[in-house]
Amino acid sequence: METNGSLPSLQDDEDLKFLLNGTSLSKVKSASWKRSRFYKLQEDCKTVWHESKKILKSPDSQVFSIDDVEDVRLGHETEGMKRFASHVPSERCFSIIFKGQRKNLDLIANTNEEAARWTGGLNKIIKNSRAMSQKQKLQHWIHTCLRKADKNKDNKMSFKELQRFLQEVNVETDDNYAKQIFQQCDRSRTGSLEDDEIEEFYKILTTREEINTIFSAYKDSENFMSASNFHKFLQNEQRENVTSEHTKSLIAKYEPSEEGKEQQSMTKDGFLIYLLSDDGNIFNPAHNKVYQDMKQPLCHYYISSSHNTYLMEDQLKGPSSTEAYIRALTKGCRCVELDCWDGSNGEPVIYHGYTLTSKILFKDVIKTIKNYAFKTSPYPVIISLENHCSLDQQKTMAKHMKDILGDMLLILPVEGKMKDFPSPEQLKGKILVKGKKLNSLEDSIKETENSIAEADDVSDEDEAAEMEDEAVKSNVHAKKGTGAKLKLAKELSDTVIYCKSVHFRGFEFAAEHQSFYEMSSLTESKALRLANDSGNGFTRHNSRQLTRIYPDGMRTDSSNYSAVDMWNVGCQIVALNFQTPCTEMDVYQGKFRDNGFCGYVLKPSFLRYRQSKFNPKSIQDGEWWTPKKLKIMIISGQQLPKLNKKKSSIVDPFVSVEIYGVARDREKKLTKVVENNGFNPTWNEHFQFEIDVPALTLVRFLVEDYDASSRNDFVGQYTVPLSSLQLGYRHIHLLDRNGNLLPSASLFVHVKLQESKG
């Protein structure tokens, strides 16, 4: 068995050798808690082990996987490092940022070189791991499981170790079948498998009959599929209109054997590598890049938006953190929220008012936004201000934004645009402020106002709805004073250009009296009522003005609502709690996977017309009415993760296919349960869905572990817009609860989309 088979490009890397030897590092948790611990990269080059002084229930808690790491940052780049290690030279400090809810690991090395070795080595492994093909990931995973099963480390596998290995890879076989495989491979009759015998066992284990069947239908000889037959497969099965040159380029790209490349043919191995690649993915790889028209007015796009962005957890006592902004922006979010309150020493702070959530400095958040705004996407970021500050601290807010953001901050209309929104293309690299404004855009450009003036309540108009209970609400009213108006500093008002917050007074009022740049924020329940009662009015309103939707105030656990109903009437800024993994967030991220994950998705044309007749509640003839039949065959699953850490526990998987869109298109269908097999379950089940408005449809594939006595456990999911769906035989690479890729877990499906007579 190889020790380092998956990382050939790093085989002789000095940083990697250093990490494999390990070093002592100081772990920092607080001002008073700093402990020296030994850290070491394991031989699989995928896990890091560290010593622990605690009495641990499981040795697994002493390791973390590279797959769980989001980022490795050198220097004082986390709140913990800034607060508890600012006295230590930044060149010796580094932080490991984990995906999901796990806390950062802040570490101090003994020397600058050690810190550089750790950050350099870990970043190389992460990069190498992300560049691995699906087949390489599978091979690496199998080797890791083999190592775990090889208890006595003799590089041989006894029958008992084979049984342990099968449990490790999440498949339960009866002893007779396991014995049969074992004896078939044990050619040397030594009672254990070694070298070539393990390789043969690996081949038997990973043989996929469904791939053999498809390959056999198109092959020319026992071992090869010619370029012309592969071309037929791409046209007939995958519904791809490709040239013979493109077909040959796929063979050159994915065929591993020299003989196959020379003959311009594909072996079964090459065919499987293609099916597991981006080209064989259910998500159209052309949509991994920005491909939509980015020169339309801002209001013509759905904009990825976060609510209470500063929170890491719930809205009553959870921590506030700049890290939450980094996570949201890294996930493609383009509109972040800042709840601003007076802080000590004249410095405004951000937290959830009148609750026990912790506080962070406004200026630290602005610095974070500056550093991370355009790392994932070049398109504009909107800062949504919930302003509860006094005049002096409002001026401080304006000063911080101008000083820190500099030219990034938009403080004048683009190219003098005063009649309509500029486009995301024109706003590239710019940060816009959404908030109250003392006057019209036109007047503020002329600078005719006094430096201070009265405004309606400067907090967002529906702030009362965000308060968590009656006690908090009464506290708010008591603090504000009955009917008191808060004043707004001109300096802060002048930072608002295209996103002026106003009260919502109805669609007719907006059409007659409001400028295009005036926008309202609505709670989810109010927006849903408007969508149900006057869907067409909402659609037309959103063709001209921006609308922001946010969760109802009773969601103190930071749960989420479905954005789909809001998108169906063209609402652009539908804000969700990015910190909360859930179905609604899966669908949200699925929507914004489109258009290169840039945070902006162009609305369908029928949601962009000022005189649109579209109403999602009463579908009638129009350009949106393009009925389709979606046929999906769920064929098989591969390497589904083991959920229960008990060695004997095996997943009982089933698949749900869920359709999201206008009300009449919503549907859900389930496969049967496959018992005791998470390694290679087979379903071969056909589903058909009738879809009336494909332009607004998303498809979610959900895998769960069936449990007869309690709730089914989430295994993995993937959500894709119908418009980004590739047809034919496709792999779906599953994501975990936090939207991160599960290293080797996938579904294999067949997809057809046909015209329907309706």
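Our subject is the structure that appears above.
Everything numeric here is computed off the predicted structure, so don't read it as measured data.

Novice: When you look at the pattern of salt bridges in this model, what are you seeing that I'm missing?
Specialist: For side chains of opposite charge, pairing can occur when their charged atoms come near one another. One pass over the structure, following the stated rule, counts 29 salt bridges. A salt bridge links R117 to D15, with the shortest nitrogen-to-oxygen separation between them at 2.8 Å. Placement of the pair is R117 in helix α3 (residues 112-131) and D15 in helix α1 (residues 14-21), with a sequence separation of 102 residues. A relative accessible area of 11% means that D15 is categorised as buried.

Novice: Hey, could you run me through the state of the cysteines in this one?
Specialist: When the sulfur atoms of two cysteines share a covalent bond, that bond is a disulfide. Counting across every chain of the model gives zero disulfides. With no disulfide of its own, C299 lies closest to C499 among cysteine sulfurs, the gap being 11 Å. Take C299: its relative accessible area is 1%, and that puts it in the buried class. You can see C499 has no disulfide; the closest cysteine sulfur is in C335, sitting 7.7 Å from it. A relative accessible area of 0% places C499 in the buried class.

Novice: In this structure, what is going on with the packing of helix α6 (residues 175-185) against helix α7 (residues 196-206)? I would like to understand it.
Specialist: Angle between the axes and distance between the axes: these two values describe a pair of packed helices. Axis separation between α6 and α7 bottoms out at 9 Å; the angle between their running directions is 135°. The orientation of α6 relative to α7 falls into the category oblique. Seen from above, α6 lies across α7 with right-handed handedness. For the pair formed by α6 and α7, the contact residues are I181, Q184 and C185 on the first element and E197, E200, F201 and I204 on the second. In terms of residue class, the contact of α6 with α7 is made up of four nonpolar, one polar and two charged.

Novice: Help me understand the pairing of strand β3 (residues 47-50), please; the structure alone is not making it clear to me.
Specialist: Sheet faces and side chains relate simply in a regular strand, where the side chains alternate between the two faces. Bridge count between strand β2 (residues 34-41) and β3: three bridges; the pairing is antiparallel. Bridged to L41 within β3 is V48. Counted along the chain from β2 to the antiparallel partner β3, the turn is five residues long, and its residue C45 has a positive phi close to 55°. As judged from the three bridges shared by β3 and strand β4 (residues 63-65), these two strands associate in the antiparallel manner. By the bridge assignment, W49 is partnered in β4 with V63.

Novice: In this structure, what is going on with α6? I would like to understand it.
Specialist: Counting along an α-helix, one turn takes 3.6 residues, and residues three or four places apart therefore face a common direction. Of all the positions in α6, only A178, I181, F182 and C185 are classed as buried. All buried residues of α6 fall inside an arc of 100° around its axis, so they share one side. Buried-residue contacts for α6 involve β8 (156-158), α5 (159-168), β9 (192-194) and α7.

Novice: It is not clear to me how a nonpolar patch on the surface should be interpreted in this structure. Could you clarify?
Specialist: Together, I411, L412 and I445 give the surface a local cluster of nonpolar side chains, amounting to about 260 Å² of exposed area. Note on I411: relative accessible area 41%, which makes it partly exposed.

Novice: Explain the packing of aromatic side chains here, please?
Specialist: The relation between two aromatic rings is expressed through the spacing of the ring centres and the mutual angle of the planes. For the structure shown, the criterion picks out 30 aromatic pairs. Taking 5.6 Å as the distance between ring centres and 70° as the angle between the ring planes, the aromatic pair formed by F159 and F182 counts as edge-to-face. Remark: F182 occurs in helix α6 and F159 occurs in helix α5; sequence separation between them is 23 residues. Of the two residues, F159 and F182, neither departs from the other in class, the shared state being buried.

Novice: Help me understand the packing of helix α4 (residues 134-149) against α5 in this model?
Specialist: α5 packs onto α4 with a crossing angle of 135° between their chain directions and a minimal axis gap of 9 Å. What the angle tells us is that α4 and α5 run oblique. For the pair α4 and α5, the crossing hand works out as right-handed. Of the residues in α5, those in contact with I142, C145, L146, K148 and A149 of α4 are E161, R164, F165 and E168. Grouping the amino acids of the contact of α4 with α5 by side-chain chemistry returns five nonpolar, no polar and four charged.

Novice: So what exactly am I meant to see when it comes to the side chain of R73 here?
Specialist: Looking at the element boundaries, R73 is found in strand β5 (residues 69-74). Polar contacts involving the side chain of R73 include one to the main-chain carbonyl oxygen of E77, which spans 3.3 Å. Reaching out from R73, the side chain makes a polar contact with the side chain of Y372 at a distance of 3.5 Å. What R73 contacts, discounting residues up to four positions off in sequence, is T78, C93, F94, S95, I97, E323, I326 and Y372.

What counts and how
Residues numbered from 1 in each chain as written. Predicted model: local features only at pLDDT ≥ 70, side-chain atom pairs only at ≥ 80, totals over all residues. Heavy atoms only, no water. Salt bridge = Lys/Arg side-chain N within 4 Å of Asp/Glu carboxyl O. Helix = DSSP H or I, 4+ residues; strand = E, 2+ residues; numbered from the N terminus. Buried < 20%, exposed > 50% of the residue type's maximum accessible area, 1.4 Å probe, protein only. Disulfide = S-S within 2.5 Å. Axes fitted to C-alpha atoms, helices over the stretch in contact; angles between N-to-C directions. Parallel < 35°, antiparallel > 145°, perpendicular 65-115°, else oblique. Left-handed = near helix turned anticlockwise from the far one by under 90°. Contact = heavy atoms within 4.5 Å. Nonpolar A, V, L, I, M, F, W, Y, C, P; charged D, E, K, R; others polar. Pairing = 2+ DSSP bridges. Arc of directions from axis to C-beta. Patch = residues over 30% accessible without salt bridge, like charges linked within 9 Å, V, L, I, M, F, W, Y side chains within 5 Å. Areas by Shrake-Rupley, 256 points an atom, 1.4 Å probe, with all protein chains shown as cover. Phe/Tyr/Trp six-rings, centres within 6.5 Å; stacked < 30°, edge-to-face > 60°. Polar contact = N/O pair within 3.5 Å; in protein donor to acceptor, adjacent residues only side chain to side chain.

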